[in-house]
Amino acid sequence: MADVTLRKVVKRYDDVEAVRGIDLDIADHEFVVLVGPSGCGKSTTLRMIAGLEDITDGDIMIGGDVVNDVPPKDRDIAMVFQNYALYPHMTVAENMSFGLRLKHFPKAEIKSRVDEAARMLDIAELVDRKPKQLSGGQRQRVAMGRAIVRHPKVFLFDEPLSNLDAKLRVQMRIEIKKVHQKVRTTTVYVTHDQVEAMTLADRVVVMNHGRIEQIGTPNDLYHKPATRFVAGFIGSPAMNFVPCRLEDVSGKLHIRLTDRISFPLPPARAARYQSVGRDEKLLLGLRPEHITEASAHPEPGVEEFETVLDVIEPMGMETLVYFTLEGAQICGKVNPNVNAQAGKPLRLAVDLNNMHLLNEATGAVI
Amino acid sequence: MASTVVIDKAAPTRSVKYGSMSRDRAWALRWSYFFLTLFAIFSLVPPIYMLITSLKSSAEISAATNPWWVFHPTLSNYAELLSSNQFLRFFWNSAIVSIIVVTITMLISVPAAFALSRMRFWGSATLATGVFLTYLIPDTLLFLPLFKMFATFGDWTGIQLINRWYVLLIVYPTLTVPFCTWIMIGYFASIPKELDEAAIIDGASWFQTLTRIFIPVALPGIIAATIFAFTVSWAQFLYPLVFTTSVDQLVMPVGIVTSLIKGDVFAWGQIMTGALLGAAPPLIIYAFLMDYYIAGLTAGATKG
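Residues numbered from 1 in each chain as written. Chains lettered and ligands numbered in written order. Predicted model: local features only at pLDDT ≥ 70, side-chain atom pairs only at ≥ 80, totals over all residues.

Chemist: Account for the nonpolar core, with residues named and values stated.
Modeler: Core analysis: the biggest nonpolar cluster contains 155 residues, and A:Val33, A:Leu156, A:Val188, A:Val205 and B:Met184 have the highest contact counts within it. Three or more residues apiece are contributed to this core by two domains, here domain 1 (4-225) and domain 2 (240-359) of chain A. Discounting residues that sit within four places of it in the chain, A:Val205 has contacts with A:Leu24, A:Val32, A:Val33, A:Leu34, A:Ile212 and A:Ile215. (Core = buried A, V, L, I, M, F, W, Y, C linked by C-beta atoms within 7 Å. Buried ≥ 20, exposed ≤ 12 C-beta atoms within 10 Å, placed from the backbone. Domains from an automatic or database assignment. Contact = placed C-beta atoms within 7 Å.)

Chemist: Lay out the sheet that holds strand β4 (residues 57-62) of chain A in plain terms, naming residues and giving numbers.
Modeler: Residues and elements named next belong to chain A. What the four strands build is an open sheet, ordered β2-β1-β4-β5; its pairing is antiparallel. The open sheet has two edge strands, β2 (16-26) and β5 (65-66), and neither has a second partner. Pairing analysis gives eight bridges linking strand β1 (residues 4-13) to β2, with the strands arranged antiparallel. By the bridge assignment, Leu6 is partnered in β2 with Leu24. (Pairing = 2+ DSSP bridges. Helix = DSSP H or I, 4+ residues; strand = E, 2+ residues; numbered from the N terminus.)

Chemist: I'd love a proper account of the sheet that holds strand β16 (residues 302-308) of chain A, names of residues and values included.
Modeler: Residues and elements named next belong to chain A. The antiparallel open sheet is built from three strands, whose spatial order is β15-β20-β16. Taken across any chain shown, the strands that pair with only one partner, and hence form the sheet edges, are β15 (291-293) and β16. Looking at each pair of strands side by side, their axes are set apart by 40 degrees on average, direction ignored. Bridging between β15 and strand β20 (residues 345-351) involves three bridges; their strand directions are antiparallel. Note that in β20 the partner of Thr292 across the bridge is Ala349. (Axes fitted to C-alpha atoms, helices over the stretch in contact; angles between N-to-C directions.)

Chemist: Describe unusual backbone geometry, listing the residues and the values that go with them.
Modeler: All names here are of chain A. In the segment running from Ser236 into Pro237, the intervening peptide bond is cis, with an omega of -5 degrees. The residue Pro237 is located in the loop between α8 (228-233) and β11 (240-249) in this model. For His29, which is not glycine, the phi torsion reads 70 degrees and is therefore positive. Inspection of the secondary structure puts His29 in the loop between β2 and β3 (31-35). Residue Arg184 is not a glycine yet carries a positive backbone phi of 55 degrees. With respect to the helices and strands, the residue Arg184 is situated in the loop between α5 (166-183) and β8 (186-191). Overall, the presence of 13 C-beta atoms within 10 Å leaves Arg184 in the partly exposed class.

Chemist: Report on helix α7 (residues 167-189) of chain B, specifying residues and quantitative values.
Modeler: In this model, α7(B) (23 residues) spans 34 Å end to end at C-alpha, consistent with the 33 Å of a helix rising 1.5 Å per residue. Along its length, α7(B) reaches its greatest deviation from straightness, about 35 degrees, at B:Pro173. (Expected span 1.5 Å × (residues − 1). Bend = angle between axes of the 7 residues up to and from the residue.)

Chemist: So what about the confidence of the model for chain B? Which residues, and what values?
Modeler: Residue and element names in this part refer to chain B. Overall, the prediction assigns chain B a mean pLDDT of 85, with 89% of residues at 70 or greater. Ranking the elements of chain B by mean pLDDT puts helix α14 (residues 299-303) last, at 40, and helix α4 (residues 85-118) first, at 93. Here residues 300-304 is modelled with pLDDT under 50, and outside its nearest four sequence neighbours on either side it reaches four contacts, counting other chains as well. Among the prediction metrics, the complex's ipTM stands at 0.84, with pTM recorded as 0.80. (pLDDT = per-residue confidence, 0-100.)

Chemist: Tell me about the interface of chain A and chain B, and name the residues and values.
Modeler: On the side of chain B, 14 residues touch chain A, which itself brings 17 residues to the contact. At the level of secondary structure, the elements contributing two or more residues to the side of chain A that touches chain B comprise β6 (77-80) and α2 (92-102) of chain A. Among the residues forming the side of chain A that touches chain B, the class breakdown is 12 nonpolar, three polar and two charged. (Nonpolar A, V, L, I, M, F, W, Y, C, P; charged D, E, K, R; others polar.)

Chemist: With reference to specific residues and values, describe the packing of α2(A) against helix α4 (residues 136-148) of chain A.
Modeler: Residues and elements named next belong to chain A. For the pair α2 and α4, interaxial distance at closest approach is 7 Å and the crossing angle is 30 degrees. Here α4 runs roughly parallel to α2, going by the angle between their axes. Crossing geometry of α2 relative to α4 is assigned as right-handed. When α2 is examined against α4, the residues Val92, Asn95 and Met96 are found in contact with a partner set consisting of Val142, Gly145 and Arg146. Split by residue class, the contact of α2 with α4 holds three nonpolar, two polar and one charged. (Parallel < 35°, antiparallel > 145°, perpendicular 65-115°, else oblique. Left-handed = near helix turned anticlockwise from the far one by under 90°.)

Now the structure itself:
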């Protein structure tokens, strides 16, 4: 068990900078998820922690020791790969014990560790099978088992669930969380799936273009995104962005979306945005759940407007409604009992207490 | 549980035709059978002719009767050859040369292929192409300079290589190593990168990754390469003809030709028998390991 620290880590391939100087502190026992679109450098970062890629610049520390030039086998880490990477000619038990056998552990110790891991992962009856006789989910369990038996300082997961179907993915997600709650090994987990990131992580690291956009707990990222990228990446359906500007109407701060639509800001928000320039180009960020059907008794800070719906998507628990505002497609969530129909107008309410205001040029959340 | 039979009333009563696809396929099959039959005849006629001739006495061969029929079958050719010390010597020389060459080839080409396909050092791609290019130089061009080299080597060191069977242990690998390395590079390339990364993280050294992961996983490819190396060394004719001359140093292909043709007298019955017996070992190996051989040669094609 150990903490992992990255200091100004850079990875350069010939002329491409895949990772551009990232700083990251991962505490002992922590489950950290690196998330971002493909090509954002998250896998490269993980592979640098593993030692499978050299670092161009900076320092990586595991348990306080700088491991920049330490080969993977001496870093005391275990890694789970996307395509499982099980040794096809070995049985499940042999796969799991390979690392221990290389280190000449006593036979009894190996057996007890393999049995323990197999029991934990519910694959005890499969230990004599070869990988090709297993289903995708079972293979992933074996790959995790191979990591667990080593009792490493750090677990590294590289998109371990991407090859599984949606249902199995949800199930394995829970398995991974259970395993971490039991063994408490420091874990770095890479995924492009923000749902996986939110559900698994103690802290999420959102990466983009080789840089860290924001580090925070899942709730922090969701409710207090720092940038437009994080605001748009975390949450599904994604946050809506509408071009807007601020204006003063008879002494009160308003937000103007279109010629027709302008809302007074709730007092707390008005105070926060008072210093923003009135002619600055801004974006209003609103999550779909904060655009709902209008109610008979609106709460303070909730403003109403009417719009014609383009598309509706009944989801059962709620109905997603899509409409266009100033050229931007907007998604809202309404109660399924509301009579929402495509092509028909509907009166909607926006909850400005939960709004985000972004600078359109810099993408920063104000 | 009672089984139910569903009768589809709308099922067509005439035989089903699937349109142009099946017609194309039928024609493709007809052509395939036509050419396969042609090639089968083409390649099977010589061994059958050899078998027929090997069962004839010299008298019957020279009597110029129907060459495709044996009127007085005899095993005397087999008996004479198998009791001849000379023939057994050739067979023994061939066997020992081939086995050692196969061993040398595998010991060189498997680690070489592993290094070239996985260790990605400076110039490894160029080197891999270079290995293949050496295979393209025909032995008919190489034997003269090689002969000169061995002669000079003998003059300098006093170690005589020419006209010794073990000189073949040096020259045969020039044919087998490049091709086997090339086959193994292709085979290793089909093994996913994550497999060696997993092994490295598990604590395996490069050598352990090779012996404990790559060799077992690539076994079909290794067997294919082994068969190839064996066939090449067993059937090689030019090099032993050039480098060995004494009867006790000869391998079978050259031995049969030089010892059974005396001036203009051809012992056809024994030549054919010798050739048949000589073809047996590779045939037996192929028969047992055919599946591996095919799997090895097509690995790159199917695994992407």
